[in-house]
Amino acid sequence: MLEASGSQDREPKPLLQSLQSVWETRNMNKLKQEMEVGFSALDDPWTWLLEALEVCGGWRGKGPSLGALLVKGLQQWCTKHPEGQPSGLKLRKLQARLFPLLAECHANLLDPLIGIYHLHAADRDFLLGHVNHLYHKGKFKEAAVLGIKLELQPDLELEKMCVPLLFQERMDLVEAFVESHPDLQQQLLLLLDTWFAPDFQITDVARKFPCLKPEKVNHRLLNRTVFRFLDKFQLDPALCPNVVNQRHLSTLKYLIYKRFREKTMTEENWTDHVQVTVQGNRWLQEQLVHLLVHHGGLQAAARWGLHYGLPKESLPRSVPEEMERLRQQEREDAPEPARSPGEGRRKAQCYGLPLPREQILFLSTWEALQEHKECLLKAGQIVGLDMEWRPSFGVLGSKPRVSLVQLAVRDRVFLLDMLALLRPEGAQEEEEALDQFFRELFADPNVTKLGYGMHGDLAQLAKSLPTFSAMEKQLCNFLDLLKVHKVIRKGSPGDLQKVDAERSEVRGRRARGLAERGLSLLVQEVLGSPLDKAEQLSDWEKRPLREEQLLYAASDAYCLLEVYAKLLEDPASFGLSPETLAFLMGRTESAEVQQPGGQSAAAGDSPRQEEEEEEDWDPTSVGTPSIPTPVVTPVQDFRVVCDNMLQGLGRHLRCLGVDVRILENADDHRKAAEIARQEGRVILTSGLPYQTLRSQVGEGRCFRVDCAQRAKEQALQVLEHFRVQVTLADIFSRCQACNCNQYLKVSRETMAHLVKVRSHPTGEEGAAPESSPPPATDPGRSTEGPGEGGGPPRLPNGLQLQIEALPPGVLTQEELSCFYCCKSCGKVFWEGSHFGRVVAQLRGALDLPESGGRLYGAPV
């Protein structure tokens, strides 16, 4: 038996040897019994554990190991036997001996070891010394984690501990460091705010931390992190004036781009937004004038300089002279120069609403809406749906509400004033009646709803009124023309040169601020004229709405009806295939037709019958064919490539059944574009590579992920953006290590025999696992067994099974009938509690059913 003598001999002692033998058999119950008896027989199990950890290997990672089980076993033993705990000098010696091990162990073992050796009660200076020792060795992450576990944050220097983590983009650790300390939260935000001061140089920080690389600082990520911390910790934005100023400066640049480059904002709208953004901030006022000199003209800069009364010394050289000229002009009452006729010419070239003004009805009371409810819910009705709200431009604390909902039918447009219908002092009955109206409209299978990118509109509506939060799941007979537009934009695969030329022209026009986008582009491609988007960024909460706003809102909804009718009238001219046309009209030509997303449609009428019906059918008549909700993409049809900054996201998506290629650390980002083009994958990236990669693949084939989020949140963001449907059968259908989706089914008895063969290979032969037919839901998985013969168990292709990673006790679980071995890498899986946890975490987000799932192709 191992003595508590502090001997320097590091050879395994009898108890450790005995436990090692039981561990190799993976008999968990026996191992627990042996540990209980062994710890009770030792005079000093605390010293014995440290010696055992110094001898054992494998416990430093997060996988199962004997060392990790010894730690947790002694923790349980100490709880049952509180007497005889070490104290005084002996405990301090044990603590000193423990610290080198803490620097190497996984975070899961920190809490048990801290509890066993009573580190929370240790001398605080003693603990701080060890944390600082880790820090000076360059182990910034380990020092921060240990400081958090020991609750030493108030005694540690915040800048010293957090700056290296910020350079390494470990925002989760920075957040955990200040989580329960309001004073540290304020110090952190004050520190970060200095990084956004106009005269700040990141090299000044790098001088304090010579081991860090200043070029690695992601200011955009830091900006988002600051605003996330302000929101999470409910802190005053006044703590971060420089960060807020930079956000407002970005808003000004965007407004100037929209007004003077794209020319898609009216003077009135632009002026309103500029005044709200700048307000009384002198620095922003000066920045506005400087920006206008370069992008809006000298006269515009001088007018705003006069408006804010800026001193001459703060302005560009030529602006004061222009300001003086304008003052002289005002004294002489000279007429203002006429506006450029460009705005008028653009309006004449844009889509015109083919309805008289009296057919645009502004409804601000429930009684007025009630009068027209029957018209909107009439069977066979087609309704164009759109929403408007005041743009926030990312301003902290700005939570705009949906201000207007537009509902267009054949002969009129209804504009629902949501601010009046949902006024705070309104009756509860009216709010419930309005909620019921929308539910009836969205869920009615006899009313066709048309929208463009309605997911964003409904999400904004849910923010405005919580009772609408589940509205999207109730959509019935709804067509999002954005999905049809994507099909049209793909063009003919055979005419690649034409497609490339069009994309090059679009990029050039966008660079000059001339290209149409979104719904305006679809209207231009289908109806011949783009939408006039000059009122898009209006202040939609300001009442009364101007006439231009009313006409814009009505046009945005009514154009959907005309686009829809035109697509049905001549689909071939827009490159719509028969399958897409069948999906668009809610009918199919044969049972073999595949709807977008890969799902088979039901059999319909003959092709000739459908053609005749299409020619005679009036898209505005009452007998409108029903249109199903657009089919989402099954996870089997969604294939992506993750760059090397998103490896965690890639593994999480594999967990959900997505086919994922992940770049290695040494790979160049451009390899993602090469893989995407060759294999038809979507690129997932973040940061600066996004701009480069987006230009090398097709429209919509590159997605920028928010790197401030955790992998699970990123995965949900990707699935939501691409409308990917994950079922219970998809979870764990792929190997997270290698992406393979073929498994070899091995019975529990055979796996136990293989483990025994590996542990005692002499004189025993490997046994082939029993074969079983593949499940009907997964016909592609193999049922071949490993080859026979001595030595480690191997697959027929010669690949060795990774059975050494099986945790102890899993083979003794009666509820496990079989294991699943990856045919590509040999990793072994089984049905455990992890599946239940993943399903519980994702059920709400992915709309998973309560039961009926399968894991690795077998019923759960």
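Residues numbered from 1 in each chain as written. Predicted model: local features only at pLDDT ≥ 70, side-chain atom pairs only at ≥ 80, totals over all residues. Heavy atoms only, no water.

1. Digging into the overall build of the protein
Spelled out, the test is: Starting at the N terminus, helices and strands are each numbered in turn, a helix being any DSSP run of H or I of at least four residues and a strand any DSSP run of E of at least two. By definition in these notes, contact holds between two residues if any of their heavy atoms fall within 4.5 Å. To measure how exposed things are, a 1.4 Å probe is used in the Shrake-Rupley method; for residues, cover is taken only from the protein chains shown.
For the protein, the helix and strand inventory stands at 35 helices and 17 strands. Pairs at least 24 apart in sequence give 66% of the contacts found in the protein among residues at least 6 apart. Total accessible area computed for the protein in this model is approximately 41,700 Å², and 49% of it derives from carbon and sulfur atoms.

2. A word on the sheet that holds strand β5 (residues 448-451)
The criterion, for reference: Here the rule is simple: two strands pair whenever DSSP picks up at least two bridges between them. Each axis is a line fitted through C-alpha atoms, taken for helices only over the stretch in contact, and angles between the N-to-C directions span 0 to 180 degrees.
Strands sit in the order β1-β4-β3-β2-β5-β6 across an open sheet of 6 strands; the sheet is mixed. Both outer strands of the open sheet, β1 (360-363) and β6 (478-480), are each paired with one neighbouring strand and no more. The sheet shows a mean angle of 20 degrees between the axes of neighbouring strands, direction not considered. When strand β2 (residues 382-389) meets strand β3 (residues 402-408), the two strands line up antiparallel, connected through 6 bridges.

3. Looking at a positive patch on the surface
This is how it is decided: Patches were defined on residues exceeding 30% relative accessible area and lacking a salt bridge, with like-charge contacts within 9 Å and nonpolar side-chain contacts (Val, Leu, Ile, Met, Phe, Trp, Tyr) within 5 Å. Salt bridge, as applied in this entry: a Lys or Arg side-chain nitrogen positioned within 4 Å of an Asp or Glu carboxyl oxygen. Here the positive residues are Lys and Arg and the negative ones are Asp and Glu; neither His nor the chain ends is included. Positions of charges follow a simple convention, taking NZ of Lys, CZ of Arg, CG of Asp or CD of Glu. Only protein chains enter the area calculation, which uses a 1.4 Å probe; residues under 20% of their type maximum are buried, those over 50% are exposed, and those in between are partly exposed.
Together, Arg220, Arg517, Arg694 and Arg704 line one region of the surface with positive charge. With respect to the helices and strands, the residue Arg220 is situated in helix α13 (residues 219-232). Classification of Arg220 as exposed rests on a relative accessible area of 54%.

4. A closer look at the pattern of salt bridges
Summed over all chains, the structure comprises 35 salt bridges. Across the salt bridge formed by Arg207 and Asp204, the nearest N and O atoms sit 2.5 Å from each other. Highlighted residues: Arg207 and Asp204, both in helix α12 (residues 202-208), separated by 3 residues, approximately one helical turn. The class for Arg207 is exposed, based on a relative accessible area of 62%. For Asp204, a relative accessible area of 36% corresponds to the partly exposed category. Residue Arg543 is joined to Asp417 by a salt bridge in which the shortest nitrogen-to-oxygen separation is 2.7 Å. One end of the pair, Arg543, is in the loop between α26 (518-527) and α27 (547-569); the other, Asp417, is in strand β4 (residues 413-417), with 126 residues separating them in the sequence.

5. Some details on the nonpolar core
Rule in force here: Side-chain atoms within 4.5 Å are what join buried Ala, Val, Leu, Ile, Met, Phe, Trp, Tyr and Cys residues into a set we call a nonpolar core.
Trp48, Leu49, Leu70, Leu102, Leu113, Tyr117 and Trp195 are the most contacted members of the largest nonpolar core, which totals 90 residues. Sort the elements by how many residues they give to this core and helix α4 (residues 66-80) lands first, with 8 residues. Leu415, Leu450, Ala557 and Leu576 belong to the second-largest nonpolar core, a separate cluster that totals 37 residues.

6. Looking at the environment of Arg639
Applicable threshold: In protein, a polar contact requires one atom able to donate a hydrogen and another able to accept it; more generally it is a pair of N or O atoms within 3.5 Å, and residues adjacent in sequence count only if both atoms are side-chain atoms.
One can find Arg639 in strand β8 (residues 639-642). Classification of Arg639 by relative accessible area gives partly exposed; the value is 28%. Put simply, Arg639 and Arg661 are 22 residues apart on the chain and 8.3 Å apart in space, counted from C-alpha to C-alpha. If we skip the residues at most four places from it in the chain, Arg639 touches Asp659, Glu679, Gly680, Arg681 and Val682. A polar side-chain atom of Arg639 sits 3.3 Å from a polar atom in the side chain of Asp659. From its side chain, Arg639 meets the backbone oxygen of Glu679 in a polar contact 2.3 Å long.

7. Structural notes on the packing of helix α16 (residues 282-295) against helix α17 (residues 298-308)
This is how the line gets drawn: Oblique is the label for every angle not falling under 35 degrees (roughly parallel), over 145 degrees (roughly antiparallel), or within 65 to 115 degrees (roughly perpendicular). The handedness criterion is simple: a crossing whose near helix is rotated anticlockwise from the far helix by less than a right angle is left-handed, and one whose near helix is rotated clockwise is right-handed.
Where α16 contacts α17, the axes come no closer than 8 Å and their chain directions differ by 165 degrees. For the element pair α16 / α17, the angle class is roughly antiparallel. Judged by the sense of rotation from one axis to the other, the crossing of α16 with α17 is left-handed. Taken together, the residues of α17 that come into contact with α16 (itself represented by Arg282, Gln285, Leu288, Val289, Leu292 and Val293) are Ala300, Ala301, Trp304, Gly305 and Tyr308.

8. Things to note about the packing of helix α10 (residues 171-178) against α13
Interhelical geometry of α10 versus α13 gives an angle of 30 degrees and a closest axis separation of 12 Å. Our classification of the angle between α10 and α13 gives roughly parallel. In this structure, α10 meets α13 at a crossing whose hand is right-handed. The segment α10 lies against α13, with Met171, Val174 and Glu175 engaging Leu221, Leu222, Thr225, Arg228, Phe229 and Lys232.

9. Here we look at the sheet that holds strand β15 (residues 828-829)
Sheet strands pair via backbone hydrogen bonds, and the direction of the pair is either parallel or antiparallel. As summarised here, the arrangement of the 3 strands in space is β13-β14-β15, forming an open sheet in which the pairing is antiparallel. Looking along the sheet, the strands with just one partner apiece sit at the ends: β13 (743-747) and β15.

10. A look at the pairing of strand β14 (residues 818-822)
Regular strands show a simple pattern: their side chains alternate between the two faces of the sheet. With 5 of 5 residues buried, β14 lies mostly within the body of the structure. Across the two faces of β14 the burial is the same, with Cys818, Tyr820 and Cys822 and Phe819 and Cys821 all buried. Two elements, β13 and β14, share 5 bridges in a ladder whose sense is antiparallel. Looking at β14, one finds that Lys745 is bridged to Tyr820. Taking the residues that link successive antiparallel strands as the turn, the β14-β15 hairpin has 5 residues, and the phi of Gly826 there is positive, at about 85 degrees.

11. Considerations on helix α2 (residues 28-41)
Note: α-helices contain 3.6 residues per turn, so residues at a spacing of three or four share the same orientation. To keep things clear, this is the line we draw: Helix span is expected to be 1.5 Å times the residue number reduced by one. This arc corresponds to the set of directions leading from the helix axis out to the C-beta atoms.
The end-to-end C-alpha separation of α2 is 20 Å, in line with the 20 Å expected for 14 residues at 1.5 Å each. Among the residues of α2, those classed as buried are Met28, Leu31, Met35, Gly38 and Phe39. Buried residues of α2 fall within an arc of 95 degrees about the axis and therefore sit on the same side. Exposed side chains of α2 directed beyond 90 degrees from the buried face belong to Gln33 and Val37.

12. Some thoughts on unusual backbone geometry
With an omega of 0 degrees, the peptide bond between Arg543 and Pro544 qualifies as cis. Of note, Pro544 is situated in the loop between α26 and α27. The phi torsion at Gln279 lies on the positive side, around 50 degrees, for a residue other than glycine. With respect to the helices, strands and loops of the structure, Gln279 is situated in the loop between α15 (267-278) and α16. One non-glycine residue, Arg723, lies in the positive phi region at around 55 degrees. With respect to the helices, strands and loops of the structure, Arg723 is situated in the loop between α33 (711-721) and β12 (724-725). Residue Arg723 is classed as partly exposed on the basis of its relative accessible area, which comes to 30%.

13. Concerning the packing of aromatic side chains
The test is simple: Each Phe, Tyr or Trp ring (for Trp, its six-membered ring) is paired with any other whose centre lies within 6.5 Å, and the angle between the two planes then decides the class: stacked below 30 degrees, edge-to-face above 60, tilted in between.
With the rule as written, the count across this model stands at 18 aromatic pairs. Between Trp195 and Phe200, the ring centres sit 6.1 Å apart and the planes meet at 10 degrees, which makes this aromatic pair stacked. Taken together, a centroid distance of 5.6 Å and an interplanar angle of 75 degrees make the contact between Phe703 and Phe722 edge-to-face. Taken as a pair, Phe703 in strand β11 (residues 702-704) and Phe722 in the loop between α33 and β12 lie far apart in primary sequence, 19 residues in all. No difference in accessibility class separates Phe703 from Phe722, as the two residues are buried.

14. Let's talk about the side chain of Asn477
Structurally, Asn477 is set in the loop between α23 (454-464) and β6. Within the structure, Asn477 has its side chain in polar contact with the backbone oxygen of Pro445 (distance 2.8 Å).

15. Some thoughts on the environment of Leu646
Secondary-structure assignment places Leu646 in the loop between β8 and α30 (647-655). Sequence separation between Leu646 and Cys707 is 61 residues, and the spatial gap between their C-alpha atoms is 8.1 Å. Setting aside anything within four residues of it in sequence, one finds Leu646 in contact with Leu684, Thr685, Ser686, Val705 and Gln714.

16. Examining the confidence of the model for the protein
Put simply, the test is: pLDDT is a residue-level measure of predictor confidence that goes from 0 to 100.
With 78% of its residues at a pLDDT of 70 or more, the protein has an overall mean of 79. The model gives residues 585-631 a pLDDT under 50, and that stretch makes 89 contacts with residues more than four places away or in other chains. Contacts of residues 762-789 to residues separated by more than four positions or lying in other chains number 57 contacts, the stretch itself having pLDDT below 50.

17. A look at the environment of Leu192
Following the sequence through the fold, Leu192 ends up in helix α11 (residues 182-194). Judged by its relative accessible area of 0%, Leu192 falls in the buried class. Separated by 29 residues in sequence, Leu192 and Val163 have C-alpha atoms that sit 9.4 Å apart. Residues within four places of Leu192 in sequence aside, it is in contact with Leu166, Leu222, Val226 and Val243.

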